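# Summary of the model geometry
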Amino acid sequence: GAVVSQHPSWVICKSGTSVKIECRSLDFQATTMFWYRQFPKQSLMLMATSNEGSKATYEQGVEKDKFLINHASLTLSTLTVTSAHPEDSSFYICSGGTGGQPQHFGDGTRLSIL
Amino acid sequence: LAKTTQPISMDSYEGQEVNITCSHNNIATNDYITWYQQFPSQGPRFIIQGYKTKVTNEVASLFIPADRKSSTLSLPRVSLSDTAVYYCLVVGSGGYNKLIFGAGTRLAVHP
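This part takes up the nonpolar core. Within the largest apolar cluster, 23 residues are counted, with the highest numbers of intra-cluster contacts made by W35(A), F67(A), L79(A), Y92(A) and L111(A). Contributing elements (two or more residues each) for this core: β2 (10–13), β3 (19–25), β4 (32–38), β5 (44–51), β7 (67–73), β8 (76–81), β9 (90–96) and β11 (109–113) of chain A. Looking at this core, the element that brings in the most residues is β3(A), giving three residues. Residues in contact with F67(A), not counting those within four places in the same chain, are R37(A), M47(A), Y58(A), V62(A), L79(A), T80(A), V81(A), D88(A) and Y92(A). Ranked by size, the runner-up nonpolar core spans 21 residues in total, among them C22(B), I33(B), I48(B) and V78(B).

Next comes the structure, spelled out in structure tokens:
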């Protein structure tokens, strides 16, 4: 149980492009999901908490206008990297779970901005 | 959120038992200890979670002393495929808790 699916798994695009990453909970309803970013050889860094039907909560230092999060349904949260630049290249991972249970993670999205 | 401290790296050989210890001195009464495994270019995978004493599942055991200020993840008879980064996290018991990852332990299993 508690399967999280993330799409796409890999994307390459030109600088200035906006990129949308989807995170779906396949067998549970997720009122809350989380978005992380991970640079090579580093740990996961929490970016924001995605709340169904309300605004996301961003961690300190994360630009909310740069990383748009939408959580319009109980099974889908999206992260849009707006006007992406090479420094936004990273591995983006989402997670979700039912209350009180261990969270489960998607397989991540490798974003490369040229 | 309680901070965790783990060794940065460990080396082992196939067939050996590996024990990774994590310190969490500021763990709160309602917090659980959770371990995740991460392979390159994949999301973390849940391994085991416990509150106190010992928890065992099909892949690992988790030992937690009475004071709960540390915990030890035990991997029996590791194989090459256990080479990964292992993260220890302290998680609150209620609601939907955000996870703050430390540096993790990079385990390398050698033939």
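Still more to cover.
Residue and element names in this part refer to chain A. As enumerated under the stated definition, the model contains two disulfides over all chains in all. A sulfur-sulfur distance of 2.0 Å marks the disulfide that ties C23 to C94. When the S-S torsion is 85 degrees, as for the bridge of C23 with C94, the disulfide is right-handed. With C23 in strand β3 and C94 in strand β9, this pair connects stretches of sequence that are 71 residues apart. Residues C23 and C94 agree in their burial class; the two are buried. Free of any disulfide, C13 has its nearest cysteine sulfur in C94, 18 Å distant.

Applying the stated rule across the entire model yields nine aromatic pairs over all chains. Ring geometry for F105(A) against F101(B): centres 5.8 Å apart, planes inclined by 75 degrees, an arrangement best described as edge-to-face. Of this pair, F105(A) sits in strand β10 (residues 104–105) while F101(B) sits in the loop between β8 (84–92) and β9 (105–110), which puts the two residues in different chains. An aromatic cluster of three or more residues is present, and its members are Y36(A), F105(A), Y36(B), F46(B), Y87(B) and F101(B). Across from the ring centre of Y51(B), 4.0 Å away, lies the NZ or CZ of R68(B), which sits over that ring.

Calculation rules
- Residues numbered from 1 in each chain as written.
- Chains lettered and ligands numbered in written order.
- Predicted model: local features only at pLDDT ≥ 70, side-chain atom pairs only at ≥ 80, totals over all residues.
- Heavy atoms only, no water.
- Core = buried A, V, L, I, M, F, W, Y, C linked by side-chain atoms within 4.5 Å.
- Buried < 20%, exposed > 50% of the residue type's maximum accessible area, 1.4 Å probe, protein only.
- Helix = DSSP H or I, 4+ residues; strand = E, 2+ residues; numbered from the N terminus.
- Contact = heavy atoms within 4.5 Å.
- Disulfide = S-S within 2.5 Å.
- Phe/Tyr/Trp six-rings, centres within 6.5 Å; stacked < 30°, edge-to-face > 60°.
- Lys NZ or Arg CZ within 6 Å of the ring centre and 35° of its normal.

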